[in-house]
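So you can see what is in the structure, the chains are spelled out below.
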Amino acid sequence: MRAEITSLMGLEVYTQQGVFVGRVDDALLDPEKGVLSGLALGSINRDLFNQKSRGVIIPYRWIMAIGDIVLMRHLKKHGKDTKRK
Amino acid sequence: MYSIFASELAGKEIVNVSGTVLGEVENMIFDTKTGAVLDLVIKPDPEAPRGRFRTEGKFMLIPFAAVMAVKDYIVVDENRSVPAPPAE
């Protein structure tokens, strides 16, 4: 489906198990391949990422669907520092 | 691999291979399934040549296949522009 990149901004990101991950702040682009390589998330769920950083970047290949929300694969371990959830 | 934030691209100027400024980046169209960037949505410079790019309202669509380089400017080659794949 064709979509404008600005329509992504602010969308809420959930995992396929319904866990809130964050909000899309920006998209990361690989200009050589001409693809989006990741999404930068802000307002992140501190239960998933218990780090001090302002946001996280998730690889685009984790994304399953984009519509009214963004749906991504559920991963038990997000990054190094995760709490059990 | 180097990457760039989409927000950094907004407002960047587009030049063609002969050095003419065509306009500035307004938005980008991508495929939600694959993440492939299909088109750049350009706010055309009023004096810029229309070239062979498609227009959509007051915006110009440049297929990403025509993009040669992205740095301080975005360089496009009009001769490389192949038609964007049809929308699903």
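Basis of the calculations
- Residues numbered from 1 in each chain as written.
- Chains lettered and ligands numbered in written order.
- Predicted model: local features only at pLDDT ≥ 70, side-chain atom pairs only at ≥ 80, totals over all residues.
- Heavy atoms only, no water.
- Helix = DSSP H or I, 4+ residues; strand = E, 2+ residues; numbered from the N terminus.
- Buried < 20%, exposed > 50% of the residue type's maximum accessible area, 1.4 Å probe, protein only.
- Contact = heavy atoms within 4.5 Å.
- Areas by Shrake-Rupley, 256 points an atom, 1.4 Å probe, with all protein chains shown as cover.
- Patch = residues over 30% accessible without salt bridge, like charges linked within 9 Å, V, L, I, M, F, W, Y side chains within 5 Å.
- Salt bridge = Lys/Arg side-chain N within 4 Å of Asp/Glu carboxyl O.
- Lys, Arg positive; Asp, Glu negative; His and termini not counted.
- Charge placed at Lys NZ, Arg CZ, Asp CG, Glu CD.
- Phe/Tyr/Trp six-rings, centres within 6.5 Å; stacked < 30°, edge-to-face > 60°.
- Buried area = accessible area lost by both parts, 1.4 Å probe.

Caption draft 1: Representation of the overall build of chain A in the model. Check the secondary structure of chain A and you find zero helices and seven strands. For chain A, the N- to C-terminal ordering of α and β elements is β-β-β-β-β-β-β. A burial count over chain A gives 42% of its 85 residues as buried. In chain A, once contacts between residues fewer than 6 apart in sequence are set aside, the share between residues at least 24 apart is 37%. Within the structure as shown, chain A displays about 4,900 Å² of accessible surface, and the carbon and sulfur contribution to it stands at 49%.

Caption draft 2: Quick peek at a negative patch on the surface. On the surface, A:Glu4, B:Glu13, B:Glu24, B:Glu26 and B:Glu56 cluster together into a patch of negative charge. Positionally, A:Glu4 belongs in strand E1 (residues 2-4).

Caption draft 3: Summary view of the packing of aromatic side chains. What the rule picks out here adds up to one aromatic pair over all chains. Arranged with centres 5.4 Å apart and planes meeting at 65°, the rings of A:Tyr14 and A:Phe20 form a pair that is edge-to-face.

Caption draft 4: Local environment of the pattern of salt bridges. Within the structure shown, the criterion is met by four salt bridges over all chains. Two residues, A:Arg23 and A:Glu12, come together in a salt bridge whose shortest N-O distance is 3.1 Å. With A:Arg23 in strand E3 (residues 20-30) and A:Glu12 in strand E2 (residues 12-15), this pair connects stretches of sequence that are 11 residues apart. Taking the relative accessible area as the measure of exposure, A:Arg23 reaches 34% and is therefore partly exposed. Of the charged contacts in the structure, one is a salt bridge between B:Arg54 and B:Asp39, with a shortest N-O distance of 3.0 Å. Pair noted here: B:Arg54 is in strand E5 (residues 54-56) and B:Asp39 is in strand E4 (residues 37-44), with a separation of 15 residues, a long-range link. Here B:Asp39 falls in the buried class, since its relative accessible area comes to 0%. Put simply, A:Arg2, B:Asp39 and B:Arg54 are held in one network by salt bridges that share partners.

Caption draft 5: Focus on the interface of chain B and chain A. With 27 residues of chain B at the contact, the number on the chain A side is 23 residues. In total, chain B and chain A occlude about 2,300 Å² of area from one another, counting both sides; carbon and sulfur atoms represent 62% of this. When the buried surface of chain B facing chain A is broken down by residue, B:Phe5, B:Phe30 and B:Thr32 rank first, second and third, together holding 26% of it. Here B:Asp39 ties to A:Arg2 by a salt bridge, and the two come within 3.0 Å at their closest N and O atoms.

It is worth stressing that arrangement in space is one thing and function is another; only the former is reported here.
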